[in-house]
Amino acid sequence: MKNKFLTADEIYNRMMNEIAPLPCQQDYAKQLSAIFAYHYRKNMLMDAGFSADSIPYQGGLVVAPSGQGKTYLLQAAAKVLDMNVICLDASTISHEGWKGPSLSQQLLGSKRALNNDEKWEKSILFLDEFDKIRLYGTVHDQGNVMENILQLYNQGSIAAESEGKLVEMLDVSRFTIILGGAFEGIEKIIERRLTPKQGVGFTSSLSTTKLSKQELLQKVKLTDLQEYGFIPEILGRISSVFSIAPMTIDDYRCLLSAEKGSISYKYNNYFHFAYGIEFSIEESAISYISNKCMNSTTGARAINPLINDIIRDAFIMVDRDTSINKIILMANEANCYLH
């Protein structure tokens, strides 16, 4: 069959050129490139008459702390490739018939919002906060939510109901599903698995290499997820588990000052086209903000609280003083400031 779609390498190169993932996100970008390439060809085969049951399944689960860009990069890649991504928060899904929106109701809402049935049926579904629906030693509604999600893998369609009445049968046979979450605490399970049992006397280990939380997350396996609280039935449908490397100070520097897509790039565009003036971030501010972010637990989300209020002052200043032709964000040891 003629190969008329982008290869995984071509998709990855487009992501590198048009999105410019951070260094820590580049392995994740490669995983997404392979999933997107597979998704293209799966739908090509189904267009040609193949059934979903006759095509091998691919998807994945990404483990990464909040603020690492797992949702952003997925949505940005889909936009570049003109592919629809449905992003749902798994923690908001209720069991069918319970109070709150069920999985089928949320899917129906996304279909109606897109208003393009063919494109919707060829969506990639990203279920974020998947870690929030694990079982905590007792069977409760979260187990029922997992059973609902399992329908996506086991059935070609899902019944969307309202007040016990069928509203629409949703065709999900073409979906490719990616699960994501922070999985707080799973690193302890991984560490137990990796730590050898200590012997006694001369056979005992005198020292062990201590891995960081991020290093442990990069070694996650399906057995760890089962111990964490997920039913084997749903874990058996996850074709691969991957993670995003920890953000380094170089990643934060890229977020602030890269030639394309950085904070500096975006604000320079804004001030140039809105006011006709130049904006830049001095090295002192880049170093100050990057070091602050390294001590944060919120990843890339730590940047905005550090600079938004300061830059908002710049909006007021340039409105008041039309003689301003350049704004520079600077910093000393104590804080950031505008010049």
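Keep in mind that what you see is a predicted model, and the values were worked out from it rather than measured.

**Student:** Provide a residue-level description of the packing of aromatic side chains, including the pertinent values.
**Tutor:** Under the criterion given, the structure shown has 15 aromatic pairs. Plain terms: the ring middles of Y270 and F315 are 5.3 Å apart, the flat faces sit at 55° to each other, and that makes the pair tilted. One end of the pair, Y270, is in helix α12 (residues 263-275); the other, F315, is in helix α14 (residues 303-320), and 45 residues separate them in sequence. On the basis of relative accessibility, which here comes to 37%, the residue Y270 falls in the partly exposed class. Ring geometry for F271 and F279: centres 5.6 Å apart, planes at 15°, overall stacked. Residue classification places F279 among the buried residues on the basis of a relative accessible area of 2%. Chaining the aromatic ring pairs together yields one cluster made of Y267, Y270, F271, Y275, F279 and F315.

**Student:** Provide a residue-level description of α14, including the pertinent values.
**Tutor:** Relative to the 26 Å expected for 18 residues at 1.5 Å per residue, α14 spans 27 Å between its end C-alpha atoms, a close match to the ideal helical length. Maximum bend of α14: about 30°, positioned at D309. Listing the buried residues of α14 in full gives I303, I307, I310, I311, A314 and V318. Buried residues along α14 sit against α11 (249-257), α12, β8 (278-281), α13 (283-294), β9 (326-331) and β10 (336-338).

**Student:** Explain the sheet that holds β10 residue by residue, including any values.
**Tutor:** Two pairing modes exist for strands in a sheet, parallel and antiparallel, and in both the strands are linked by backbone hydrogen bonds. A sheet is described by the order of its strands in space; here 3 strands give the open sequence β8-β9-β10, paired in mixed fashion. In this open sheet, the two strands that pair with only one neighbour each are β8 and β10. Neighbouring strand axes in the sheet, compared pairwise and without regard to direction, differ in orientation by 15° on average. The strands touched by α14 are β8, β9 and β10; relative to β10, the strand with the most contacts, the crossing angle is about 10°.

What counts, and where the lines are drawn
Residues numbered from 1 in each chain as written. Predicted model: local features only at pLDDT ≥ 70, side-chain atom pairs only at ≥ 80, totals over all residues. Heavy atoms only, no water. Phe/Tyr/Trp six-rings, centres within 6.5 Å; stacked < 30°, edge-to-face > 60°. Helix = DSSP H or I, 4+ residues; strand = E, 2+ residues; numbered from the N terminus. Buried < 20%, exposed > 50% of the residue type's maximum accessible area, 1.4 Å probe, protein only. Expected span 1.5 Å × (residues − 1). Bend = angle between axes of the 7 residues up to and from the residue. Contact = heavy atoms within 4.5 Å. Pairing = 2+ DSSP bridges. Axes fitted to C-alpha atoms, helices over the stretch in contact; angles between N-to-C directions.

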